[in-house]
Amino acid sequence: MLLPRLRLLAAAVVLLLLAYLGARGAGTAPPLGSFLEPANGVWALARSAELPALHQATIPGLTAPVEVLYDDRGVPHVFAKTEEDAWRAQGYLIARDRLFQMELQTRASAGTLSELIGDDALEADRTARRRGLPWAAERIAAAADSSSLISRATTAYAEGVNAWIDGMRGAELPLEYRLLGARPSHWEPRHTTYFFFQMALTLAYQDETLSRLRVRALVGEAATEALFPLHSPIVEPIQPNGAGAPRYDFIRPMPGPGAPDSSAAVAAEERESVNLALGWSIRRGGDGDVIGSNNWTVAPSRTAAGYPLLSGDPHLGLTVPSIWYEIHLHAEDGLDAAGVTFAGTPGVIIGFNRNLAWSFTNTGADVRDHYAEMVDDDRNPTKYRLDGEWKPLEIKVEEFRGQQGRLLAADTLRFTHRGPMVKTGSRWLSTRWTAFESRGGEEFLRIDRAASVGEWLEAWKGYAAAAQNGVVADRSGSIAIRSTGWYPVRPGSGRGDEIRDGSTTSSDWSGYVAPEHYPFSLNPAQGFLASANQEPVDPRQNGRYFGSNWPSPWRAMQINRLLRADSSVTPDAMRQFQTSPGSPRADVFVPALLAAARGRADLSPAASLLAEWDRRYTKDNHHAVLFEAAMSELGRLIWDELIPPADRADSAARPVASPSEAIVMQLLSDSGSAWWDNRRTADRETRDDILAEALRRGMTRAIAEHGPQDGEGWIWSKVQHANIYHPLRMPALSALDLPVQGGPSTLSPSSGRGLAGASWRMVVELGPEVRAWGTYPGGQSGNPASTRYLDRIPKWVGGELDTLRFPKSAAELSADLVRSRLTLTAGSPR
């Protein structure tokens with residue numbers, strides 16, 4: 001045993017020194033002497049990286065001892081007397097493993113990153129506070145009922161976090177604090193609210209209104225409405241419509257480019273200004289920029305064992321440590337749930353209990369509006385006009401401090417009754433967003449305790465933001481899905497893609513859509529339910545406005561195709577579906593490219609290669625490279641009208657916004673559409689001309705970038721990688737160039753840079769005894785010297801899942817699976 005331990009220690013020391021050198025290069029590391037100090041220097045991280053076999057600790061406020069067993073996968077199983085004791089223990093355990101991650105992500109939301117990482121974060125902090133999330137968190141904290149479930153949970157959780165911080169030995173200080181020369185701050189209950197706000201921001205889709213305005217400025221309103229439609233032209237909704245197959249609601253003929261709209265150009269500039277001021281994402285591309293998530297559930301009538309099955313497959317930005325932390329919480333007063341939680345939140349977010357399982361995908365609903373305000377003084381307003389009266393603005397002077405408390409800057413921020421107000425060009429605009437009015441995540445605590453689909457739906461219906469497609473199944477055989485979140489009821493058309501008149505309350509939301517009108521299905525005749533970020537309802541069945549310009553539903557088409565074809569689904573089939581390499585997108589466009597190449601001798605080599613492809617994004621295929629290059633060139637060729645005239649001579653210029661590939665599919669049926677004509681040439685091109693040119697350019701590009709087509713450079717696993725970075729972007733602390741199965745618009749939709757992907761994969765079978773499998777990319781520990789830092793990545797890369805332990809008591813977890821025992825008792829931290 002000694003030799004492997006010495007090797008591990010040596011590897012850890014090398015890794016830590018590489019991280020130090022990276023920090024020195026960035027100018028943030030402390031002097032080398034203090035970093036290497038014998039007793040408590042960086043060496044101690046390697047010594048304390050692994051969990052002791054037996055240990056004890058104290059947490060103030062515990063009502064009874066808590067027993068924690070770490071299993072063979074590093075997952076803590078918490079056995080407590082009360083829920084609050086379980087949450088105290090949870091805070092303690094996650095702080096031990098993820099303290100820096102917890103503080104970093106909440107500071108990002110609060111706008112206090114500069115205090116931790118230095119002056120370079122000042123602009124990010126200013127943007128965060130202008131955005132209004134700290135303002136909203138303060139309002140929620142001020143109005144909180146101390147006896148509410150969320151208040152009790154976040155208070156208990158904070159007590160656990162602070163017990164770890166207060167009792168932490170110098171040798172246990174996480175590496176990142178050492179590299180930054182910083183110390184951890186105490187955790188407050190409102191920090192959990194900050195985290196939920198940060199997630200709401202992450203899940204807020206990019207501003208589609210801006211895309212529309214940019215395009216309108218170039219080609220007019222009619223063309224814009226066709227290119228960026230209110231409803232998806234491919235109808236495969238989350239709420240089943242009874243069709244049993246996708247429906248294609250294509251416009252024929254599609255309106256061609258119209259006259260430029262100068263007023264839209266002014267509005268686009270204004271909208272872009274407010275988005276930049278508030279740090280909202282500004283999107284230029286089409287489907288490829290969407291971070292996708294999938295979930296589905298299968299009724300007993302369509303499973304091999306006759307038990308309900310559920311899959312959770314949320315996709316987010318990939319980081320190490322992972323955004324998720326796996327845990328099992330058991331309390332004698334009712335809580336008994338397992339799965340994953342966020343580092344910073346009490347309870348289980350996605351997972352299962354003894355009776356049911358659940359997961360989520362993002363809805364992508366339009367729940368954020370801007371209002372043009374009339375103010376009393378354009379340069380230094382103190383009031384805004386509302387219904388003929390001057391109302392005082394809420395004014396806050398915000399100070400920004402760096403490390404050691406040094407004052408860096410001060411900003412004056414203003415708020416109306418709707419939210420934060422910022423100056424953009426000649427106008428002041430305020431923002432209203434459902435996240436400002438949320439309850440800080442209480443619903444997640446309620447669903448942990450639900451015993452049936454009905455109870456789960458009831459516990460979840462008050463959830464505000466970000467709107468989520470929640471899928472659930474229970475042991476009785478019921479399955480359900482609902483798109484839950486606060487959907488604004490707006491005046492007029494009800495659409496949210498316009499700037500409204502802020503001088504009147506008639507422009508305000510009149511309330512929210514009632515839960516009974518949410519997209520929803522319970523025990524459908526088809527025997528399964530699935531969501532993959534597609535439009536939630538068939539507009540023929542529910543015409544309410546939930547958003548617009550939905551991503552092409554390729555992933556929804558694929559999972560529904562797999563589920564329709566299998567009437568005897570097994571847990572292992574569910575696992576394989578999660579990384580299915582099939583692509584309805586390729587099934588549409590490969591035949592079109594081949595048809596256009598027919599009769600063109602110069603395209604014979606490219607067409608032969610493409611014809612050989614089975615249209616599956618397996619790791620060892622040699623053809624996906626050519627297809628992706630051709631599709632990229634196709635977008636550049638079709639949408640030349642969406643490039644500003646002054647930029648069209650530049651071959652690298654990109655469209656101001658790109659319609660979804662569902663729109664390109666629609667154009668395939670109209671070979672003479674004006675959109676096929678490339679305005680940068682003297683000829684009048686047709687569909688086949690452009691498709692052929694895209695394939696021609698794609699072949700040239702693929703060879704230039706990856707070498708000869710029969711070489712190793714064309715192997716998909718050498719081209720498409722997952723890149724999982726540490727938050728400080730240090731390669732020594734990251735996991736890079738990981739080969740993964742899947743590709744754009746597959747169920748595992750890896751992005752070009754590999755920075756997003758499946759953040760947690762889970763399959764649950766709800767039989768007499770609940771069985772579950774899962775994994776995420778990374779490990780439980782945030783300590784890079786720990787064996788639990790990256791230990792899950794090999795299985796994640798291979799699409800494999802671990803068995804998830806779910807003992808009913810501490811005694812039920814087999815001794816050979818226990819790696820560490822921790823007893824927590826009441827008292828002051830050590």
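Since the model is a prediction, treat every value here as computed from it, not as a measurement.

Asks: Explain the sheet that holds strand β7 (residues 309-313) to me, and be specific about the residues and the numbers.
Replies: With respect to topology, six strands assemble into an open sheet ordered β26-β6-β7-β30-β31-β32, the strand pairing being antiparallel. On the outer flanks of this sheet lie β26 (528-531) and β32 (802-803), each paired with one strand and no other. Contacts between helix α16 (residues 554-565) and the sheet are confined to β6 (294-298) and β26, with β26 contributing the most and set at about 160° to the helix.

Asks: Go over the pattern of salt bridges with me, naming the residues and quoting the values.
Replies: Per the stated rule, a full pass over the model turns up 61 salt bridges. Where R449 meets E83, a salt bridge forms, and the shortest distance between an N and an O atom there is 3.1 Å. Of this pair, R449 sits in the loop between α14 (442-447) and α15 (453-460) while E83 sits in helix α4 (residues 83-110), placing them 366 residues apart in sequence. R449 sits in the partly exposed class, given a relative accessible area of 36%. Residue classification places E83 among the buried residues on the basis of a relative accessible area of 6%. For R446, the salt bridge goes to E442, with nearest N and O atoms at 2.3 Å. Here E442 and R446 lie together in helix α14, a separation of four residues that amounts to about one turn. Taking relative accessible area as the criterion, E442 reaches 7% and is therefore assigned buried.

Asks: Mind laying out unusual backbone geometry, listing which residues take part and the relevant values?
Replies: Backbone torsion omega between R252 and P253 reads -10°, so that peptide bond is classified as cis. Among the secondary structure elements, P253 is positioned in the loop between β5 (247-248) and α13 (262-278). In this model, V320 is joined to P321 through a cis peptide bond whose omega is 5°. In this fold, P321 is placed in the loop between β8 (315-317) and β9 (324-331). In this structure, Q404 is a non-glycine residue whose phi angle is positive, near 65°. With respect to the helices and strands, the residue Q404 is situated in the loop between β16 (394-401) and β17 (407-415). Backbone geometry at S745 places phi at a positive 70°, although glycine is not the residue there. Tracing the sequence through the fold places S745 in the loop between β28 (735-739) and β29 (756-758). Accessibility expressed as a relative area gives 14% for S745, which makes it buried.

Asks: An account of the packing of aromatic side chains is requested, with residue identities and associated values reported.
Replies: Per the stated rule, a full pass over the model turns up 30 aromatic pairs. When the ring of W760 is compared with that of Y776, the centres are 6.4 Å apart and the planes differ by 50°; the resulting orientation is tilted. Highlighted residues: W760 in the loop between β29 and β30 (761-766) and Y776 in the loop between β31 (770-775) and α24 (793-798), separated in sequence by 16 residues. Lying over the aromatic face of F400, R126 brings its terminal NZ or CZ to 6.0 Å of the ring centre. Lying over the aromatic face of Y371, R418 brings its terminal NZ or CZ to 4.4 Å of the ring centre.

Asks: If you had to explain the sheet that holds strand β1 (residues 54-58) to someone new, which residues and values would you point to?
Replies: Strand order across the open sheet formed by eleven strands is β1-β33-β2-β3-β9-β10-β11-β12-β20-β21-β25, with mixed pairing between neighbours. Every interior strand has two partners, whereas the edge strands, β1 and β25 (520-522), have only one. Strand-to-strand, the axes of this sheet are offset by a mean angle of 20°, without reference to chain direction.

Asks: Can you explain the pairing of strand β15 (residues 389-392)? Please cite residues and give values.
Replies: Where strand β14 (residues 383-386) meets β15, four bridges bridge the pair, whose relative direction is antiparallel. From the neighbouring strand, Y384 faces β15, where its bridge partner is K391. In this antiparallel pair of consecutive strands, β14 and β15, the connection spans two residues, and D387 shows a positive phi of 55°.

Asks: So what about the packing of helix α18 (residues 584-597) against helix α19 (residues 604-612)? Which residues, and what values?
Replies: Packed helices, taken two at a time, are described by the angle their axes make and the gap between the axes. Remark: α18 packs on α19, axes separated minimally by 10 Å, with the N-to-C direction vectors making an angle of 150°. Here α18 is positioned roughly antiparallel relative to α19, judged by the angle of their axes. Relative to α19, α18 is oriented so that their crossing is left-handed. Every residue of α19 that contacts α18 at V590, L593, L594 and A597 is listed here: A607, L610 and A611. Taken together, the residues of the contact of α18 with α19 break down into seven nonpolar, no polar and no charged.

Asks: If you had to explain the packing of helix α7 (residues 133-143) against helix α10 (residues 190-202) to someone new, which residues and values would you point to?
Replies: Interhelical geometry of α7 versus α10 gives an angle of 135° and a closest axis separation of 10 Å. By the angle between their axes, α7 is oblique relative to α10. Judged by the twist between their axes, the crossing of α7 over α10 is right-handed. Residues L133, P134, A136, A137 and I140 of α7 form the contact with α10, whose own contacting residues are T193, Y194 and F197. Its residues assigned to classes, the contact of α7 with α10 comprises seven nonpolar, one polar and no charged.

Asks: Describe in detail α10, supporting the description with residues and values.
Replies: Taking 1.5 Å of rise per residue, the 13 residues of α10 would be expected to cover 18 Å, and the 19 Å separating its terminal C-alpha atoms lies within 8% of that figure. Of the residues making up α10, those classed as buried are H191, T192, T193, Y194, F195, F196, F197, Q198, M199, A200 and L201.

Asks: Pulling in residues and values, what's your account of the pairing of β30?
Replies: Taken across its six residues, β30 has six buried, putting it largely inside the fold. Of the two faces of β30, the one holding R761, V763 and E765 and the one holding M762, V764 and L766 are both buried throughout. Looking at chain direction, β7 and β30 are connected through four bridges and run antiparallel. Its bridge partner lying in β30, L310 is registered against V764. Pairing between β30 and β31: six bridges, direction antiparallel.

Asks: Got a sec to walk through the side chain of N162? Specific residues and values, please.
Replies: Structurally, N162 is set in helix α8 (residues 149-167). The contact partners of N162, leaving out residues within four places of it in the chain, are H186 and W187.

Asks: Before we move on, could you go through the nonpolar core and cite the residues and values that matter?
Replies: With 96 residues, the main nonpolar core has V78, Y92, W324, F352, W456 and L824 as its most contacted residues. Per element, the largest residue contribution to this core is eleven residues, and it comes from α4. Residues M254, A606, A607 and L695 belong to the second largest nonpolar core, which totals 59 residues.

Asks: Please set out the environment of R540 residue by residue, giving values where relevant.
Replies: Relative to the helices and strands, R540 is located in the loop between β26 and α16. Sequence separation between R540 and D145 is 395 residues; the distance between their C-alpha atoms is 43 Å. R540 has contacts with R247 and D249, leaving out every residue within four places of it along the chain.

Asks: I'd like to hear about α18, residue by residue, with values.
Replies: Between its first and last C-alpha, α18 extends 21 Å over 14 residues, near the 20 Å set by a 1.5 Å rise per residue. Taking burial as the measure, the 14 residues of α18 include eleven buried ones, the bulk of the element. Taken together, the buried positions of α18 are occupied by P584, R585, A586, V588, F589, V590, A592, L593, L594, A596 and A597. Where α18 is buried, its residues meet α16, α19, α20 (624-638), α21 (661-667) and α22 (687-706). Note on α18: the residue one or two positions beyond its end, G599, has a positive phi of about 85°.

Asks: Could you give an account of the confidence of the model for the protein chain, with specific residues and numbers?
Replies: Scored by pLDDT, the protein chain comes out at a mean of 91, with 93% of its residues at no less than 70. In the predicted structure, residues 1-13 sits below a pLDDT of 50 and forms seven contacts with residues beyond four places in sequence or in another chain.

About the cut-offs
Residues numbered from 1 in each chain as written. Predicted model: local features only at pLDDT ≥ 70, side-chain atom pairs only at ≥ 80, totals over all residues. Heavy atoms only, no water. Pairing = 2+ DSSP bridges. Helix = DSSP H or I, 4+ residues; strand = E, 2+ residues; numbered from the N terminus. Contact = heavy atoms within 4.5 Å. Axes fitted to C-alpha atoms, helices over the stretch in contact; angles between N-to-C directions. Salt bridge = Lys/Arg side-chain N within 4 Å of Asp/Glu carboxyl O. Buried < 20%, exposed > 50% of the residue type's maximum accessible area, 1.4 Å probe, protein only. Phe/Tyr/Trp six-rings, centres within 6.5 Å; stacked < 30°, edge-to-face > 60°. Lys NZ or Arg CZ within 6 Å of the ring centre and 35° of its normal. Parallel < 35°, antiparallel > 145°, perpendicular 65-115°, else oblique. Left-handed = near helix turned anticlockwise from the far one by under 90°. Nonpolar A, V, L, I, M, F, W, Y, C, P; charged D, E, K, R; others polar. Expected span 1.5 Å × (residues − 1). Core = buried A, V, L, I, M, F, W, Y, C linked by side-chain atoms within 4.5 Å. pLDDT = per-residue confidence, 0-100.

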